[in-house]
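Next come the chains, spelled out residue by residue.
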Amino acid sequence: MARGLSLRKYNAIIPLLSSAVRSYCLLHTHKSISVKGKIGVPINFDKEVKCLDDAVSLFNRMVRMKPIPSLPVFCKLFKTMLSMKHYSAVVSLFQEMRKLDIPINDFVLNILINSYCLMHRSDCSFSLLPFYLKSGIPFNVVTFATLIRGLFAEHNLNDAVELFKKVVRENICEPNVVMYGTVMNGLSRRGHTQKALSLLRLMEQGNTKPDVYEYSIVIDALCKDGNLDAAINLMNEMKQKGIPPDIVTYGSLIDGLCKLGQWEKVRTLFSEMVNLNIYPDVCIFTMVIDGLCKEGKVEAAEEVMEHMIKKGVEPNIITYNVIMDGYCLRGQLDRARRIFDIMIDKCIEPDIFSYSTLINGYCKKKKLAKAMQLLGEISQRGLKPSTVTYNTILHGLFEVGRIGDAKGVYAEMLYAGPKPNICTHSTVLDGYFRCGLVEEAMSLFNKLERKRENTNIAFYTVVLNGLCKNGKLDEAHSVFEKLSLIGLTPDVRTYTTMITGFCLQGLLDEAKSMLRKMEDNGCPPNNVTYRVILQGFLRCSKFSEMETFMKEMADRGFSFDASTAELLVNIVRENPSVLDIIPELHSKNKY
DNA sequence: ACAGATGTAG
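Residues numbered from 1 in each chain as written. Chains lettered and ligands numbered in written order. Predicted model: local features only at pLDDT ≥ 70, side-chain atom pairs only at ≥ 80, totals over all residues. Heavy atoms only, no water.

Naming follows an unreviewed UniProt entry, where chain A appears as Pentatricopeptide repeat-containing protein At1g12700, mitochondrial of Capsicum annuum.

J.: Please set out the pattern of salt bridges residue by residue, giving values where relevant.
T.: Per the counting criterion, the structure on display carries 26 salt bridges. Between arginine 330 and glutamate 299 there is a salt bridge, with the nearest N and O atoms lying 2.8 Å from each other. Taken together, the residues span a long stretch of sequence, with arginine 330 in the loop between helix 19 (317–329) and helix 20 (333–345) and glutamate 299 in helix 18 (residues 298–310) at a distance of 31 residues. Assessed through its relative accessible area of 32%, arginine 330 is described here as partly exposed. (Salt bridge = Lys/Arg side-chain N within 4 Å of Asp/Glu carboxyl O. Helix = DSSP H or I, 4+ residues; strand = E, 2+ residues; numbered from the N terminus. Buried < 20%, exposed > 50% of the residue type's maximum accessible area, 1.4 Å probe, protein only.)

J.: Could you give an account of the packing of helix 18 against helix 19, with specific residues and numbers?
T.: Working note: a packed helix pair is described by the angle between its axes plus the distance between those axes. Where helix 18 meets helix 19, the closest approach of the two axes is 10 Å, and the angle between their N-to-C directions is 160°. Compared by their axis directions, helix 18 and helix 19 come out roughly antiparallel. By crossing handedness, the relation of helix 18 to helix 19 is classed as left-handed. Between helix 18 and helix 19, the contacting residues are Val298, Ala301, Glu302, Met305 and Met308 on the first element and Thr319, Tyr320, Ile323, Gly326 and Tyr327 on the second. (Axes fitted to C-alpha atoms, helices over the stretch in contact; angles between N-to-C directions. Parallel < 35°, antiparallel > 145°, perpendicular 65-115°, else oblique. Left-handed = near helix turned anticlockwise from the far one by under 90°. Contact = heavy atoms within 4.5 Å.)

J.: Please set out the packing of helix 22 (residues 368–380) against helix 23 (residues 387–399) residue by residue, giving values where relevant.
T.: One can describe the packing of helix 22 onto helix 23 by two numbers: an axis separation of 10 Å at closest approach and a directional angle of 155°. It follows that helix 22 is roughly antiparallel to helix 23 by the angle criterion. Note on packing geometry: the crossing formed by helix 22 with helix 23 is left-handed. Residue-level inspection shows Leu368, Ala371, Met372, Leu375 and Ile378 of helix 22 in contact with helix 23, the latter providing Thr389, Ile393, Gly396 and Leu397. Tallied by class, residues from the contact of helix 22 with helix 23 come to 7 nonpolar, 2 polar and no charged. (Nonpolar A, V, L, I, M, F, W, Y, C, P; charged D, E, K, R; others polar.)

J.: Help me get a handle on the protein's contact with DNA strand B, residues and values and all.
T.: Around DNA strand B, 57 residues are found, and the nearest of them are Asp246, Asn321, Asn391, Arg434 and Lys469. The sugar and phosphate moieties of DNA strand B supply 46% of its atoms located within 4 Å of the protein. Interatomic distance of 3.1 Å between a side-chain N/O atom of serine 386 and a base nitrogen of DNA strand B. Within the contact set of DNA strand B, a base nitrogen lies 3.2 Å away from a side-chain nitrogen or oxygen of serine 426. When grouped by side-chain class, the residues that make up the surface near DNA strand B number 18 nonpolar, 23 polar and 16 charged. (Near = heavy atom within 4 Å. Polar contact = N/O pair within 3.5 Å; in protein donor to acceptor, adjacent residues only side chain to side chain.)

J.: Now, about helix 31 (residues 527–539): what can you tell me, with residues and values included?
T.: For helix 31, built from 13 residues, the straight-helix expectation of 18 Å at 1.5 Å per residue is met to within 8% by its first-to-last C-alpha distance of 18 Å. Among the residues of helix 31, those classed as buried are Thr529, Tyr530, Val532, Ile533, Leu534, Gln535, Gly536, Phe537 and Leu538. Measuring from the backbone nitrogen of valine 528 back to the side-chain oxygen at the start of helix 31 gives 3.0 Å, which picks out asparagine 526 as the cap. (Expected span 1.5 Å × (residues − 1).)

J.: Which residues make up the packing of aromatic side chains, and what are the values?
T.: Scanning all chains against the criterion turns up 13 aromatic pairs. Plain terms: the ring middles of phenylalanine 59 and phenylalanine 74 are 5.8 Å apart, the flat faces sit at 75° to each other, and that makes the pair edge-to-face. Here phenylalanine 74 lies in helix 4 (residues 71–83) and phenylalanine 59 lies in helix 3 (residues 52–64), a separation of 15 residues in the sequence. Taken individually, phenylalanine 59 and phenylalanine 74 each receive the classification buried, so the pair is uniform in this respect. (Phe/Tyr/Trp six-rings, centres within 6.5 Å; stacked < 30°, edge-to-face > 60°.)

Below, the structure written as structure tokens:
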């Protein structure tokens, strides 16, 4: 519903918009596209607009027509341009319209706002709001839903939620299902499932009742969290309310169940949806195929693919990529490569996922020459390596010690490739440390720390591990102590890394106190932690102190891995009295 | 609003 906004209401949103209004001038800094073109040719919209040039020349003809085409025609042109991702061009053409004194309306302005949001310039979007007021054009729910979506796209969750609350609280416009859906989606995708669920509950109480769309957003978020019980309960709830789940709802649930390997429940949902005459689509079959592949059951996956073809559902590029990854995971690169070639035979052009998957497969087999060759082929196919592609190949090169090549690829990435992400940084740092390039690692680490970009505990664990393994336990310890200041919580790998570091230096008391500390901090040790600490004590022949740990391990259902077991056997062989000190070893005597 | 590729402890 469209409703004008009084100045009072506008003032109410001013604090939020302050930075936006400050950047109002930005509106006028965009370069204009020059207006040239043929005049008087009739518009054949769909046929003519295939690229940016087409759009611009059509625009130029439109503005010279007499009478000038109606605003919906301009909107249609702009929407086509947005679908081609020519966001800034829409801004330029809008400015041409202004210069030519072509009257505009709320639809055009909303499209302009959306253009800025899609450019991740929601500040510019906000700076347009005074323009609505000046021109007497009313804001509507689309305006604000678009702004909220823009803020979410920029990861500005707080402002997005604040704006939504303001819109509701101050009755700026009546939120509709789309606006609720936008907020719930934004919350879900940023991991705030519970907040999305609360909003769903709020909708249930209010006038705008949620439909299958809103339920599906929350169900999907719950599934992605692995909270399948809650997801299934929510589905049952919506059924009881008379809102039948659709194919998307079933898709989310089936994907979640496949990822947890709960095949019986997958089967149940499958028959349930077919009974409701909802037939699985290529997405759903691909989820099942992926689940099977990840469990190593590629044959079963191929059977599902045959089944779907029989049912008239054609596999697409994602289906083939998933099967290819399945073979890669089993190390069957020849088979993976065969799937790649079959795809091409079927005129399904490999995409960057196909290449990254296959490159990862070759890297894991340490066949770096093959991997590098594929990297070279990417551009020949008119594709660009993604950040993931680079991360994969960098990891592979470092792993086999091809430092020079790794540095070369990294330099190429920095120079001409996609933006490195936290994985890239972790991979390169880990590579430097493993190759003993501590200086280079630390200088990169310091540089990254100064930038204060997004970071995570995995990244720091790489640094701690690198320092510990290179004999810099003191430095590692001071980085570790700093973690809470950065707002990062050590996880089981972080603690295990530190414990390994202490054990390496024979500092068993420190290792032991770190073990207690992690427990106290609500991060219980796992299998690996115990293995590390036991090996540490074994290597220092501190047999008697091991007893406690072995009891704890047994209580928690952990067992030895092959290498710890072997170590134990050798110790017992050389020193049979160990058996008397550690009664638990009797049961392990079979080694 | 449903599907695919990358990094950290042993």
